[in-house]
Each structure stands twice: as structure tokens, then as C-alpha cells.
Amino acid sequence: VTGFSVLTAVTERLGIQLDAQALDRLARYRELLLDANSRFNLTRITDPDEIETRLFGESLALLTHVPPHATTLLDLGSGGGVPGLPLAIARPDLRVVLLDATAKKVAFLAETARELGLERVTALQGRAEEIGRNPQHRDHYDVVTARAVARLVTLVELALPLLVPGGVGLFPKGAGADEEVDEARYAVGMLGGRARPVISDAFTGTRLVAIDKRRPTPAAFPRRTGVPHKSPLLGPGHGAN
Ligand code: SAH
């Protein structure tokens, strides 16, 4: 197993135990990611140490915000598997769906889950706008995560329909997190959610947006593919009519 010194520091600080199997799986996943990334673009982060700190560290930092009773998690726009795969590796008890619109990425995710022996992980190809209207997935997941997929105002329309009422959306964001939450406040309310105060993580340098789903999302959402991006649900004061 490769050292993972930073990761060990992150998990120790968070009070998370990663057993030998989890560390082996993370090391193998990093190899598979680097190898696939040399053939097609899965992540712009290509330095092994940066994969450890940025991709794995930031993913695992979400663990403390996954509710103890959670059994299902969907990672929306999973790409190369972040944060869904590190979370599935750390919590092999969870049923994890890795959703992405791109067939090539989904093929990589399915093959990686198989190779790592993660039996409760499923890779799913589709657009969140359509999956969010599918009764098998709507109002279903205890946790929905998404990293680097869309601005929050768009993201909440894609993610909140997939959450069970009582579930939580966890969205790592950068320095602009507060502005994004402010811009998304109207949409969050429309969709049946409520934003928690932004959570700062001094250690990983990330700002985490957590949104609780309080009520079922109205049937009108998500709107059809592309509309949440093109015409986000902006409220008064943000350019809405
Ligand atoms: N979460 C990964 C990938 C980010 S790139 C990471 O942090 O590295 C964004 C990914 O979201 C792309 O793979 C893209 O195919 C996917 N995506 C964007 N919009 C989507 C949608 N509406 N439904 C499903 N996947 C989407």
C-alpha cells in the first residue's frame, strides 16, 4: 500500500478508521484513475499526491456529514468517481449509485467498482433531469453528493428530487460558496429544501454546502434536460422576472 500520509492525517482528524482493505482499494483506484486518465480525460488532477489530498481527502471529509442511519447515496455527475468512489470505499455498507451522463465515464466507473470488488456500487448512465423523474430514483436517496458539476442554483434542481424527504445533499464548493447559496436560496425553497450554514473545512480548504430536503419536490421539477442550466430558478433580486 502506498503511504497516504495526508489522507491518514485527514481521517485521524475526522475520527474515521480506514482499514487495510480500504487503503488497498484507494491505492488501486488511484492507479486505475491515473491509467485511464492518460487515455481520456477523467480529471484534470494528474499528480498522485494531489489525487490523495484533493480528490480523496476532500471526498472523505464528507463522511462526517453522512447521517448515521443513511443506507443509500447517489453521486451526481460522478465523472472519474469523485466523491462517490472514495465514500463507497470508506463505507462499503452503503448502496452507492454513481451517475454520469457520459457512457465512457460510466464504463470506467463500472469496471473500477468491479475490479475493486465493491458489490454495492452501481454505475448508471443518464441525465439527472431524467433520472430525477424515474420513480425508481425519485425521492429515494438518503444522501446525494455532487462535485464540480454545476452552480448550486442549477445543482439543487438536479439533486433535490433524488433525495428522500429527510435526506441531505452534500456539495463541496470553493471560495464562492456563500454567493452560490445566496443565489440558490429561492430555488432551494421551491424544491423543498433548506440550506444549512456553509461548513468551512480549514484542513482541506473546502467550503461544504449541505442542504436538507424537508418536503417532497413539486412534480414540475426537475425541468427537461438542459433547462436547469439555461434558465436556473433565480428568485427576486437575482434577475428573475
Ligand atoms: N464529480 C467529478 C466530475 C466532475 S465533471 C469530479 O469532481 O471530478 C462533471 C461531470 O458531470 C461530467 O462527467 C458530466 O458528464 C457530468 N454531468 C453534467 N451534467 C450532468 C447531468 N445533468 N446529469 C448527469 N451527469 C451530468
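Residues numbered from 1 in each chain as written. Predicted model: local features only at pLDDT ≥ 70, side-chain atom pairs only at ≥ 80, totals over all residues. Heavy atoms only, no water.

A separate point is the overall build of the chain. Within the chain, the secondary structure is distributed over nine helices and eight strands. For the chain, the C-alpha radius of gyration of 17 Å lies close to 18 Å, the compact-globule estimate for 241 residues. When the backbone C-alpha atoms are referred to their principal axes, the chain occupies close to 55 × 35 × 35 Å. In the chain, the share of contacts with a sequence separation of at least 24, taken over all contacts with a separation of at least 6, comes to 70%. In the form shown here, the chain has an accessible surface area of approximately 10,800 Å², with 50% of it arising from carbon and sulfur atoms. The averaged location of the 28 negative side-chain charges in the chain is 7 Å from the averaged location of its 29 positive side-chain charges. (Helix = DSSP H or I, 4+ residues; strand = E, 2+ residues; numbered from the N terminus. Rg over C-alpha atoms; globule rule 2.2 N^0.38 Å. Contact = heavy atoms within 4.5 Å. Areas by Shrake-Rupley, 256 points an atom, 1.4 Å probe, with all protein chains shown as cover. Lys, Arg positive; Asp, Glu negative; His and termini not counted. Charge placed at Lys NZ, Arg CZ, Asp CG, Glu CD.)

What the largest pocket holds in volume is close to 330 Å³. Lining the largest pocket are 17 residues, and of these Leu42, Thr43, Arg44, Arg147 and Ala148 sit closest to its centre. Each residue belonging to the lining of the largest pocket can be placed in one class, and the counts come to five nonpolar, seven polar and five charged. (1 Å grid on protein atoms, 1.4 Å probe; cavity = no way out; pocket = protein on both sides within 12 Å on 5 of 7 lines; lining within 4 Å. Points joined across faces, edges and corners; volume = space filled by probe spheres on them. Nonpolar A, V, L, I, M, F, W, Y, C, P; charged D, E, K, R; others polar.)

What follows deals with the site of the ligand. In the neighbourhood of the ligand, 15 residues make up the surrounding shell, with Gly77, Val82, Asp100, Ala128 and Arg147 lying closest. Contacts to the ligand include Ala101, whose backbone N or O atom sits 3.3 Å from a nitrogen atom. For the ligand, the protein covers 85% of the area, taking 570 Å² as the surface of the free molecule. (Near = heavy atom within 4 Å. Polar contact = N/O pair within 3.5 Å; in protein donor to acceptor, adjacent residues only side chain to side chain.)

Right, let's talk about the environment of Ala36 for a bit. Examined against the element boundaries, Ala36 turns out to sit in helix H2 (residues 20-37). Exposure remark for Ala36: the relative accessible area of 1% places this residue in the buried category. Distance from Ala36 to Val209, taken between C-alpha atoms, is 30 Å for residues 173 residues apart in sequence. Here Ala36 is in contact with Leu42 and Phe108, once residues within four sequence places are set aside. (Buried < 20%, exposed > 50% of the residue type's maximum accessible area, 1.4 Å probe, protein only.)

Moving on, we get to H2. Between its first and last C-alpha, H2 extends 26 Å over 18 residues, near the 26 Å set by a 1.5 Å rise per residue. If you check which residues of H2 are buried, you get Ala22, Arg25, Leu26, Ala27, Tyr29, Arg30, Leu32, Leu33, Ala36 and Asn37. On the buried face of H2, the contacting elements are helix H1 (5-14), helix H3 (48-60), helix H4 (84-90) and helix H5 (103-116). (Expected span 1.5 Å × (residues − 1).)

This part covers the packing of aromatic side chains. Within a pair of aromatic rings, the relevant descriptors are the distance that separates the centres and the angle that separates the planes. Using the criterion set out here, one finds two aromatic pairs in the structure. Measuring from ring centre to ring centre gives 5.4 Å for Tyr29 and Phe56, while their planes differ by 20°; the resulting arrangement is stacked. With a gap of 27 residues between them, Tyr29 in helix H2 and Phe56 in helix H3 connect regions that are remote in the sequence. One aromatic cluster is present, formed by Phe4, Tyr29 and Phe56 through successive ring pairs. (Phe/Tyr/Trp six-rings, centres within 6.5 Å; stacked < 30°, edge-to-face > 60°.)

In short, the description is geometric, and any link to function would need to be established separately.
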